[in-house]
There are 2 protein chains.
Amino acid sequence: MSEPIEFYFDFSSPYSYLASELIDDLAAKYGRQVKWRPMLLGAAFQKTGSPLLVNVPLKGEYSMRDFSRSARYYGVPFKFPPKFPMATLSAARAYYWLHEQDCRKAREFARAVFRAYWVDGRDISDAGIVLDIAASLGIDRNALSEGIATPAVKERLRAETDGAIAKGMFGAPYIIADGEPFWGADRLPQIEKWLATGGF
Amino acid sequence: MSEPIEFYFDFSSPYSYLASELIDDLAAKYGRQVKWRPMLLGAAFQKTGSPLLVNVPLKGEYSMRDFSRSARYYGVPFKFPPKFPMATLSAARAYYWLHEQDCRKAREFARAVFRAYWVDGRDISDAGIVLDIAASLGIDRNALSEGIATPAVKERLRAETDGAIAKGMFGAPYIIADGEPFWGADRLPQIEKWLATGGF
């Protein structure tokens, strides 16, 4: 059986959000699973000395246009949020705590967090809002609140971020299929060809 | 009649080369013309403070892999050249001088320069090699040699580069269709949808 596809993302990354809406269906076409792995992109930006995309002269303005246009191209609902970038520590930790309990629920939660931010513009840096999103999915708010404060969960997020960087991650989404890394939602067609052909 | 699509590129840009192999056929499917506009990407990088892609930690190594993989994906011959980046002043000036004489010949020359560099690894920073490439297409070597030294041609290249930056260009290829800017060979599918639908 083939290894799952690794999908590294940051909830604060617009192209990660676009990929999140598309990648499971793409993988399923080829009978493949996807491991969702939130991480903190800021750590990679420090490593590579990369500035925040939207702050780069000319490129930043283009990017704002490209985010929305790419969302329309893929048919994904999208509204640039009032607050950007967004601290995603609580949301990412919540994901890993949930993942230990119920990996399907964790995926459902991740989708809800992405949409809360990238469609509804909610402030997902606020742990209270992260807990509200979880509660709306029937997740025990108090248990999650305690869970995200545990050293094990904090360490897990750190380890996933470091692990992604060790695999060459410098931006998001960063998707690894059969050892081959792909960066960006715009590489989904290449990923599809890779899965369809076993590499090219 | 629709305006031509503007295709801004630098001969030293691998993704520009990939786009150059694809864009005319794509445009022709929708009855559209393409204006090829070489410019000096370094001027835009100065403006945006962008480092050379291949020198960025992690991203650089990924990019080297992505160049070749993207070429295979598109079915375009590609071999990373021994010398990179490449000064493209002479080749770009030669293009504009030829364009004044015969715009079809200029396009043929541009394709040949791209392939000389991105397939055959020739040193296109060498004006002698640029003249050799032109001569192999039946272009008068001496006339071209004099042409690229004229103030008008030098000024034309400067004006095209400045004009591209004024239109928001920060990287290459930078393609403008009906006023909408698209950056990167990976945006060709979006350009196709744009041409097919009149914008989306």
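Residues numbered from 1 in each chain as written. Chains lettered and ligands numbered in written order. Predicted model: local features only at pLDDT ≥ 70, side-chain atom pairs only at ≥ 80, totals over all residues.

## What to know about the overall build of chain A
- Of the regular secondary structure elements, chain A holds 10 helices and four strands.
- The linear arrangement of helices and strands in chain A, starting from the amino end, is β-α-α-β-α-α-α-α-α-α-α-β-β-α.
- Relative to the compact-globule value of 16 Å for 200 residues, chain A shows a C-alpha radius of gyration of 16 Å, a close match.
- Once the C-alpha set of chain A is aligned to its principal axes, its extents read approximately 50 × 45 × 35 Å.
- Expressed as a percentage of the 200 residues in chain A, the buried residues total 42%.
- Look at the contacts in chain A between residues 6 or more apart in sequence, and 69% of them connect residues 24 or more apart. (Helix = DSSP H or I, 4+ residues; strand = E, 2+ residues; numbered from the N terminus. Rg over C-alpha atoms; globule rule 2.2 N^0.38 Å. Buried ≥ 20, exposed ≤ 12 C-beta atoms within 10 Å, placed from the backbone. Contact = placed C-beta atoms within 7 Å.)

## What about the sheet that holds strand 4 (residues 180-183) of chain B?
Residues and elements named next belong to chain B.
- Within the open sheet, the four strands sit side by side as 2-1-3-4. Their pairing is mixed. Every interior strand has two partners, whereas the edge strands, strand 2 (34-38) and strand 4, have only one. Averaged over all pairs of adjacent strands, the angle between strand axes in this sheet comes to 20°, irrespective of strand direction.
- Where strand 1 (residues 5-9) meets strand 3 (residues 174-177), three bridges bridge the pair, whose relative direction is antiparallel. By the bridge assignment for strand 3, glutamate 6 is matched with isoleucine 176. (Pairing = 2+ DSSP bridges. Axes fitted to C-alpha atoms, helices over the stretch in contact; angles between N-to-C directions.)

## Details of the interface of chain A and chain B
- At the interface, 20 residues of chain A touch 20 residues of chain B.
- Contributing elements (two or more residues each) for the side of chain A that touches chain B: helix 3 (41-48), helix 4 (59-74), strand 4 (180-183) and helix 10 (188-197) of chain A.
- Element by element, the count of residues in the side of chain A that touches chain B is highest for helix 4 of chain A, at six residues.
- Taken together, the residues of the side of chain A that touches chain B sort by class into nine nonpolar, four polar and seven charged. (Nonpolar A, V, L, I, M, F, W, Y, C, P; charged D, E, K, R; others polar.)

## Concerning the relation of the copies chain A and chain B
- Once chain A is rotated about the relating axis by 180° and shifted along it by 0.0 Å, it coincides with chain B to within an RMSD of 0.0 Å. Such a combination of rotation and displacement between the chain copies is what one expects of a two-fold axis. The position closest to the rotation axis in chain A is occupied by the C-alpha of aspartate 186 of chain A, lying 3.2 Å away. (Least-squares fit on C-alpha atoms with pLDDT ≥ 70 in both.)

## Focus: unusual backbone geometry
- Here the amide bond leading from phenylalanine 84 of chain B into proline 85 of chain B is cis, since omega sits at -5°, within 30 degrees of zero.
- Here proline 85 of chain B shows up in the loop between helix 4 (59-74) and helix 5 (89-101).
- Cis geometry marks the peptide bond from alanine 172 of chain B to proline 173 of chain B; its omega dihedral reads 0°.
- Of note, proline 173 of chain B is situated in the loop between helix 9 (151-166) and strand 3.
- One non-glycine residue, leucine 58 of chain A, lies in positive phi territory at about 65°.

## Focus on the packing of helix 5 (residues 89-101) of chain A against helix 6 (residues 103-118) of chain A
Residue and element names in this part refer to chain A.
- Taken N-terminus to C-terminus, the directions of helix 5 and helix 6 make an angle of 160°; their axes are 6 Å apart at the nearest point. Taken as axis vectors, helix 5 and helix 6 run roughly antiparallel relative to one another. Counted together, Ala91, Ala94, Tyr95, Leu98, His99 and Gln101 of helix 5 and Cys103, Lys105, Ala106, Phe109, Ala110 and Val113 of helix 6 form the full contact between these two elements.
- For the contact of helix 5 with helix 6, the residue count by class is nine nonpolar, two polar and one charged. (Parallel < 35°, antiparallel > 145°, perpendicular 65-115°, else oblique.)

## What to know about the pairing of strand 1 of chain B
Residues and elements named next belong to chain B.
- Counted residue by residue, strand 1 has four buried out of five residues, so it is predominantly covered.
- Pairing of strand 1 with strand 2 involves five bridges; the strand directions are parallel. When the bridges of strand 2 are listed, glutamate 6 appears paired with lysine 35.

## Quick notes on the environment of glycine 42 of chain A
- Structurally, glycine 42 of chain A can be placed in helix 3.
- Separated by 119 residues in sequence, glycine 42 of chain A and threonine 161 of chain A place their C-alpha atoms 9.6 Å apart.

## Section: the nonpolar core
- Of all hydrophobic cores here, the largest spans 58 residues; its most connected members are Ala94, Tyr95, Phe109 and Val113 of chain A.
- Look past the residues within four positions of phenylalanine 109 of chain A in its chain and what remains in contact with it is Ala94, Tyr95, Leu98, Ala134, Leu137 and Ile139 of chain A.
- Ranked by size, the runner-up nonpolar core spans 57 residues in total, among them Met39, Phe109, Tyr117 and Met169 of chain B. (Core = buried A, V, L, I, M, F, W, Y, C linked by C-beta atoms within 7 Å.)

## Observations concerning the sheet that holds strand 4 of chain A
All names here are of chain A.
- Read across the sheet, four strands follow the order 2-1-3-4 without closing on themselves; strand pairing throughout is mixed. Whereas interior strands pair on both sides, the edge strands pair on one side only; in this sheet they are strand 2 (34-38) and strand 4. Taking each pair of neighbouring strands and ignoring which way they run, the sheet shows an average axis angle of 20°.

## What about helix 9 (residues 151-166) of chain A?
Residue and element names in this part refer to chain A.
- Here helix 9 is 16 residues long and its end C-alpha atoms lie 22 Å apart, about the 22 Å a rise of 1.5 Å per residue gives.
- Buried residues in helix 9 make contact with strand 1 (5-9), strand 2, helix 3, helix 5, helix 8 (141-147) and strand 3 (174-177).
- Following helix 9 by one or two positions, glycine 168 adopts a phi angle in the positive range, close to 95°. (Expected span 1.5 Å × (residues − 1).)

## Side note on the environment of phenylalanine 11 of chain B
All names here are of chain B.
- You can see phenylalanine 11 is positioned in the loop between strand 1 and helix 1 (14-20).
- Among the residues examined, phenylalanine 11 registers 29 C-beta atoms within 10 Å and is labelled buried.
- Along the backbone, phenylalanine 11 and tryptophan 118 are 107 residues apart, and their C-alpha atoms lie at a distance of 8.9 Å.
- Contact partners of phenylalanine 11, with chain neighbours within four places excluded, come to Pro38, Met86, Thr88, Ala91, Ala92, Val113, Phe114, Tyr117 and Ile124.

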